[in-house]
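A look at the structure
Single-letter residue listing:
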Amino acid sequence: QQSFDIAVIGGDGIGPEVVAEGLKVIDAVGGDVTVRTTEYDLGATRWHRTGETLPDSVLSELRGHDGILLGAIGDPGVPSGVLERGVLLPLRFALDHYVNLRPAKLFPGVTSPLADHVTSKGLDFVVVREGTEGPYTGNGGALRVGTPAEVATEVSVNTRFGIERVVRDAFARAQARPRQHLTLVHKHNVLTHAGHLWRRTVEEVGAEFPDVETAYQHVDAATIFLATDPARFDVIVTDNLFGDIITDIAAAVAGGIGLAASGNINPTRESPSMFEPVHGSAPDIAGQGKADPTAAILSASMLLAHLGLGAQAERVETAVAADLAERGTASRATSQIGDAIAARL
Ligand code: IPM
Ligand code: MN
């Protein structure tokens, strides 16, 4: 009998609704597993009530868990950036989630906007987005604000250490997949300093993975292929901001943002990894029970896999696939989708 302690952060908007369905599915998956959950209230509600974003005491409690399931952070009633820079990014940085893993897979029965073009060739790739560096570090500033001479900078931080560890992780993932192919996405013709460091690192780490074939694409060109021929991709490795952008395109072509799951992973296991849908808090539909919880359920499945519960994770994925195949265009409530998937377990 294995037991795990999971921290649950519902967060804002539809976050709590979809996370509840993820937990429902974890409860239903069974096996010799006990999952204890502890809820943490972080996000807009807490900020409005107390002015706090991520108190140190909460962060240190989170560190004691085996994993974290997160709904969404972000609210139009809070100034832009406060919750992103105050809750979500500090979690990713403090827990050193340097692998932001975002699979894109077209399940049978799901319609891609690319329709037949994609379905005939399959679509099954994974983006390994660097999670702790790039322009996300907050290394920047503004001068002479409000004057005609105003200047703003957002410096992209790229360290050899940070690139090497995520690139090695991406190679290992590529090696374990049937196609053994890795594409570096960057923009080395313009971002020459960071671009060359990424390129050199891929070349050098690649020597450890002779079976993996590598390719390179500038990020602008990559968006073309993602929107016209995504079947060419197997594993993509890229920086934090490029990864943010292309994983939204990836989600769109794989059937929509309601299905896209992600893991903020610390492969060293020195701190808990955090799993969350790629979608945001969708305040326009919050509280109406109509958000699609599939991304949250697939994120819960990624959490199970990370805990070493590969068989359980696979069962969840199979149940989701069966539900998607049957779902068609019927519109079901958030909890109905969760119930239907849980019932298949
Ligand atoms: C995501 C989101 C976040 C990001 C925001 C909310 C800070 O867009 O997880 O993709 O940019 O990483
Ligand atoms: Mn994003």
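In the nomenclature of an unreviewed UniProt entry, the chain corresponds to 3-isopropylmalate dehydrogenase from the organism Janibacter alkaliphilus. The record in UniProt for the chain states the following under Subunit (unreviewed entry): "Homodimer." According to its UniProt record, the chain has this under Subcellular location (unreviewed entry): "Cytoplasm".

Before going further, it helps to examine the overall build of the chain. In terms of regular secondary structure, the chain is built from twelve helices and twelve strands. Along the longest, intermediate and shortest principal axes, the C-alpha atoms of the chain span 55 × 50 × 40 Å. Of the contacts made within the chain by residues no fewer than 6 positions apart, 77% connect residues no fewer than 24 positions apart.

Over its 17 residues, helix α6 (residues 160-176) extends 24 Å from the first C-alpha to the last, a length consistent with the 24 Å expected when each residue adds 1.5 Å. Looking at the buried residues of α6, the elements they touch are β4 (99-105), β5 (124-130), β8 (181-186), α7 (192-206) and β10 (235-238).

This next bit is on the pairing of strand β1 (residues 2-11). Pairing analysis gives seven bridges linking β1 to strand β2 (residues 33-39), with the strands arranged parallel. By the bridge assignment, A7 is partnered in β2 with T38. As for the winding sense of the linkage, the β-α-β connection from β1 through helix α1 (residues 15-29) to β2 is right-handed. By the bridge criterion, five bridges tie β1 to strand β3 (residues 67-72) in an arrangement that is parallel. Each bridged residue has a counterpart across the sheet, and for V8 the counterpart in β3 is L69.

On to the nonpolar core, then. Ranked by internal contacts, the top residues of the largest apolar core, which has 89 residues, are L69, V128, A170, V235, V237, A300 and V316. Three or more residues apiece are contributed to this core by two domains, here domain 1 (1-103 + 257-345) and domain 2 (112-139 + 154-254). Sequence-distant contacts of V128, that is, excluding residues within four places in its chain, are made with V99, L101, V166, D169, A170, R173, V235, I236 and V237.

Now for the site of ligand 1. Neighbouring ligand 1 are the residues G74, E84, L88, D244 and V278. The residue makeup of the shell around ligand 1, split by class, is two nonpolar, one polar and two charged.

A separate point is the packing of helix α10 (residues 294-306) against helix α11 (residues 310-327). Where α10 meets α11, the closest approach of the two axes is 7 Å, and the angle between their N-to-C directions is 160 degrees. One way to sum up the angle between α10 and α11 is to call them roughly antiparallel. Every pair of crossing elements has a handedness; the one defined by α10 and α11 is left-handed. Side by side, α10 and α11 meet where T294, I297, L298, A300, S301, L304 and A305 of the first sit next to G310, Q312, A313, V316, E317 and V320 of the second.

Now for the domain arrangement of the chain. Per the domain assignment, the segments of the chain are domain 1 (1-103 + 257-345) and domain 2 (112-139 + 154-254). In this structure, domain 1 and domain 2 have C-alpha centres spaced 24 Å apart. Opposite the 18 residues of domain 1 that make contact, domain 2 presents 19 residues. At the level of elements, α4 (82-94) and β4 are the ones that each hand at least two residues to the side of domain 1 that touches domain 2. If one sorts the elements of the side of domain 1 that touches domain 2 by residue count, β4 sits on top with five residues. Split by residue class, the side of domain 1 that touches domain 2 holds eleven nonpolar, three polar and four charged.

Relative to the elements of secondary structure, S281 occurs in the loop between β12 (273-277) and α10. Judged by local crowding, S281 falls into the buried class, with 24 C-beta atoms found within 10 Å. Residue contacts for S281: discarding those within four places in its chain leaves G11, D12, G13, I14, G15, A72, I73, G74, D75 and A286.

Further remarks concern the pairing of β8. Every regular strand shows the same layout, with side chains that alternate between the two sheet faces. In terms of burial, β8 is a largely internal element, five of the six residues being buried. Here β8 runs beside strand β9 (residues 213-218); their pairing, made up of six bridges, is parallel. Residue H186 lies in a different strand from β9, and its bridge partner there is H218. Read as a crossover between parallel neighbours, the route from β8 over α7 to β9 is right-handed. Pairing geometry for β8 and β10, over four bridges, is parallel. Residue pairing for β10: L184 is matched across the bridge by V237.

With that settled, the discussion passes to the UniProt feature "site: Important for catalysis" (unreviewed entry) in the chain. Mapped onto this numbering, the UniProt entry gives "site: Important for catalysis" (unreviewed entry) at Y136 and K187. Within the secondary structure, Y136 sits in the loop between β5 and β6 (140-143). Accessibility expressed as a C-beta count within 10 Å gives 22 for Y136, which makes it buried. Those residues within four positions of Y136 in sequence are excluded, and the remaining contacts are L89, N240 and L241. Residue placement: K187 occurs in the loop between β8 and α7.

Rules of the game
- Residues numbered from 1 in each chain as written.
- Chains lettered and ligands numbered in written order.
- Predicted model: local features only at pLDDT ≥ 70, side-chain atom pairs only at ≥ 80, totals over all residues.
- UniProt positions renumbered as here; feature names shortened; annotations may be inferred.
- Helix = DSSP H or I, 4+ residues; strand = E, 2+ residues; numbered from the N terminus.
- Contact = placed C-beta atoms within 7 Å.
- Expected span 1.5 Å × (residues − 1).
- Pairing = 2+ DSSP bridges.
- Right-handed = clockwise from strand over helix to strand, strands pointing away.
- Core = buried A, V, L, I, M, F, W, Y, C linked by C-beta atoms within 7 Å.
- Buried ≥ 20, exposed ≤ 12 C-beta atoms within 10 Å, placed from the backbone.
- Domains from an automatic or database assignment.
- Near = placed C-beta within 6 Å.
- Nonpolar A, V, L, I, M, F, W, Y, C, P; charged D, E, K, R; others polar.
- Axes fitted to C-alpha atoms, helices over the stretch in contact; angles between N-to-C directions.
- Parallel < 35°, antiparallel > 145°, perpendicular 65-115°, else oblique.
- Left-handed = near helix turned anticlockwise from the far one by under 90°.

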